[in-house]
Amino acid sequence: MTRFIETNKLAERAQRHKFDSLCLWIEEHMDERIGWQEMTRQSGLEFPVIHALFYKYKTTTAMTYIRQRRMAAQAASSLVRPSSWAPITKAPQWNSTPFEQTPR
């Protein structure tokens, strides 16, 4: 019985390693088309296994994970401002009347 548990743990670790490698590969290839064929070819895992592992470790589907990572990367790149922009040194001063908000 103990040998079976050890074998099962080794198999689970091997799957987790393949899954982590697949996630790294996805990060490196986000600008390319990524489908199930590419993921199964890259990881060596079958579709149902990949699907189950994404739910187990990422609590989402593979395609939703890829979409979220792409959106996060796009949002992060839009936050980076060019070095040619001057930093804001002083905030604008506003008139004191509540209905008229024009800079002085």
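What you see is a predicted model; the values in this text were computed from it and never measured.

1. Overview of the confidence of the model for the protein
Per-chain confidence: the protein averages 83 in pLDDT, with 70% of residues scoring 70 or above. For the protein, helix 1 (residues 2-28) is the element with the lowest average pLDDT, namely 86, and helix 2 (residues 36-43) is the one with the highest, namely 96.

2. Brief notes about the nonpolar core
Across soluble globular proteins, nonpolar side chains show a tendency to be buried alongside one another. Core analysis: the biggest nonpolar cluster contains 15 residues, and L22, I26, M39 and F54 have the highest contact counts within it. Taken together, the elements giving at least two residues each to this core come down to helix 1, helix 3 (47-58) and helix 4 (62-79). A total of 5 residues in this core trace back to one element, the largest contributor, which is helix 1. Setting aside residues no more than four positions away along its own chain, I26 makes contact with I34, M39, F54, Y65 and I66.

3. Regarding the side chain of H29
Checked against the element boundaries, H29 lands in the loop between helix 1 and helix 2. In this structure the side chain of H29 is engaged in a polar contact, spanning 2.9 Å, whose partner is the backbone oxygen of W25.

4. A word on helix 2
Those residues of helix 2 that fall on the buried side of the exposure criterion are E38, M39 and S43. Buried positions in helix 2, seen along its axis, are confined to an arc of 110 degrees and lie on one side of it. In helix 2, the exposed positions that point more than 90 degrees away from the buried face belong to Q37 and R41. Directly after helix 2, the chain includes G44, whose backbone phi takes a positive value near 80 degrees.

5. Here's the deal with the packing of aromatic side chains
Within this structure, the stated rule accounts for 4 aromatic pairs. Here the aromatic rings of W36 and F47 are separated by 4.4 Å at their centres, their planes lie at 80 degrees, and the arrangement is edge-to-face. With a gap of 11 residues between them, W36 in helix 2 and F47 in helix 3 connect regions that are remote in the sequence. Taking relative accessible area as the criterion, W36 reaches 25% and is therefore assigned partly exposed. Connected via pairs of aromatic rings, a cluster forms that spans F19, F54, Y57 and Y65. Across from the ring centre of Y57, 3.8 Å away, lies the NZ or CZ of R16, which sits over that ring.

Each value, and the rule that gives it
Residues numbered from 1 in each chain as written. Predicted model: local features only at pLDDT ≥ 70, side-chain atom pairs only at ≥ 80, totals over all residues. Heavy atoms only, no water. pLDDT = per-residue confidence, 0-100. Helix = DSSP H or I, 4+ residues; strand = E, 2+ residues; numbered from the N terminus. Core = buried A, V, L, I, M, F, W, Y, C linked by side-chain atoms within 4.5 Å. Buried < 20%, exposed > 50% of the residue type's maximum accessible area, 1.4 Å probe, protein only. Contact = heavy atoms within 4.5 Å. Polar contact = N/O pair within 3.5 Å; in protein donor to acceptor, adjacent residues only side chain to side chain. Arc of directions from axis to C-beta. Phe/Tyr/Trp six-rings, centres within 6.5 Å; stacked < 30°, edge-to-face > 60°. Lys NZ or Arg CZ within 6 Å of the ring centre and 35° of its normal.

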